Amino acid sequence: NSSVEADPEDWVRIISNDGYTFLLRRKVAKMSGTIRASLDETGGFAEAETKTYRSQERGIVVQKMIEYMSFKAHYSTVGPQEEIPVNDIAERLPLEILLELLLAAEYQDSMHVSLILYPVVLMNGFKV
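Residues numbered from 1 in each chain as written. Predicted model: local features only at pLDDT ≥ 70, side-chain atom pairs only at ≥ 80, totals over all residues. Heavy atoms only, no water.

**Examining helix α6 (residues 98-107)**
Count 3.6 residues to each turn of an α-helix, and residues three or four apart come out pointing the same way. Formally: A 1.4 Å probe rolled over the protein chains alone gives each residue an accessible area, and that area as a share of the maximum for its type sets the label: buried under 20%, exposed over 50%, partly exposed in between. Only DSSP runs of H or I with at least four residues qualify as helices, and only runs of E with at least two residues qualify as strands; both kinds are numbered from the N terminus onward. What the arc covers is the set of directions going from the helix axis to the C-beta atoms.
Listing the buried residues of α6 in full gives L98, L101, L102, A104 and A105. Along the axis of α6, the buried residues cluster in a sector spanning 165 degrees; they form a single face. Residue D109 follows α6 closely and has a positive phi angle near 60 degrees.

**A word on helix α4 (residues 59-75)**
Just so we agree on the cut-off: Given a helix with a known number of residues, its expected span is that number minus one, times 1.5 Å.
A rise of 1.5 Å per residue sets the reference length of α4, with its 17 residues, at 24 Å; its end C-alpha atoms lie 24 Å apart and thus fit the reference within 8%. Listed in full, the buried residues belonging to α4 are G59, V61, V62, K64, M65, I66, Y68, M69, F71 and A73.

**Structural notes on unusual backbone geometry**
Notably, K51 is not glycine yet its phi reads approximately 55 degrees, a positive angle. Assignment of secondary structure puts K51 in the loop between α3 (46-50) and β3 (52-54). A residue is classified by how much of its surface remains accessible, and K51, at 31% relative accessible area, is partly exposed.

**Topic: the nonpolar core**
This is how it is decided: Note on terminology: a nonpolar core comprises buried Ala, Val, Leu, Ile, Met, Phe, Trp, Tyr and Cys residues joined through side-chain atoms within 4.5 Å. Two residues form a contact once any of their heavy atoms are found within 4.5 Å.
In this structure, I14, L24, A29, I35, I66 and M69 are the most contacted members of the largest nonpolar core, which totals 14 residues. Elements supplying a minimum of two residues to this core: β1 (11-15), β2 (21-25), α1 (26-29), α2 (33-39) and α4. No other element matches α4, which puts four residues into this core. Among residues more than four places away in sequence, those in contact with I35 are I14, A29, Y53, M69 and Q108. Counting seven residues, the second largest nonpolar core, distinct from the first, contains V61, L101, A104 and A105.

**What about the pairing of β2?**
Note the threshold: One bridge is not enough; two strands pair if DSSP finds at least two bridges between them.
Judged by which residues are buried, β2 turns out to be one-sided: F22 and L24 face inward and are buried, whereas T21, L23 and R25, on the alternate face, are not. Pairing of β1 with β2 involves five bridges; the strand directions are antiparallel. Residue V12 lies in a different strand from β2, and its bridge partner there is L24. In sequence, β1 turns back onto β2 through a hairpin of five residues, with G19 there showing a positive phi of about 90 degrees.

**With respect to the packing of α4 against α6**
Test applied: Orientation is described by lines fitted to C-alpha atoms, with helices fitted over the stretch in contact, and by angles between N-to-C directions that extend from 0 to 180 degrees. What sets the label is the angle itself: under 35 degrees gives roughly parallel, over 145 gives roughly antiparallel, 65 to 115 gives roughly perpendicular, and the rest give oblique. Each crossing is labelled by how the near helix is turned from the far one, with a counterclockwise turn of less than a right angle marking it left-handed and a clockwise turn marking it right-handed. Side-chain classes follow a simple rule in which Ala, Val, Leu, Ile, Met, Phe, Trp, Tyr, Cys and Pro form the nonpolar group, Asp, Glu, Lys and Arg form the charged group, and the remainder, Gly included, forms the polar group.
Between α4 and α6, the least distance of the axes is 10 Å, while the angle of their chain directions is 60 degrees. Taken as axis vectors, α4 and α6 run oblique relative to one another. Here α4 and α6 pass one another in a crossing that is right-handed. Of the residues in α6, those touching α4 at V61, K64 and M65 are E100, L101, A104 and A105. Taken together, the residues of the contact of α4 with α6 break down into five nonpolar, no polar and two charged.

**A word on the sheet that holds β1**
One open sheet accounts for three strands, arranged β2-β1-β3; its pairing is mixed. Strands with a single pairing partner mark the edges of an open sheet, and in this sheet they are β2 and β3. Put simply, the sheet's adjacent strands are angled 25 degrees from each other on average, direction ignored. Against the sheet, α4 contacts β1 and β2, and its axis sits at roughly 10 degrees relative to β2.

Right, dumping it as structure tokens:
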């Protein structure tokens, strides 16, 4: 029934361009604007029916995006006085995929991850 919003606890699948499959909760996947739009049942996309989103990124990049989306979903409910450990997520980013991850974040409409990545990229001497 398309008039009923999908259960945020549903599982969805993300498949990387090199064949890795990741299962995650819909509420986590919805942290990406692009994935959220693709999985929206009112949008008429095949992804919404199959609960599967095919990413254009490699598995390692998808994995790091999912880590960030999980981080964002977890901390989206904290109050303004609570400190969010942004450095924890930034420290887990392999330098060799930073630029690729930055491009993926832009495409996935995850602006918050871009705000974390830009300083890390610049600190490591990459030019953007």
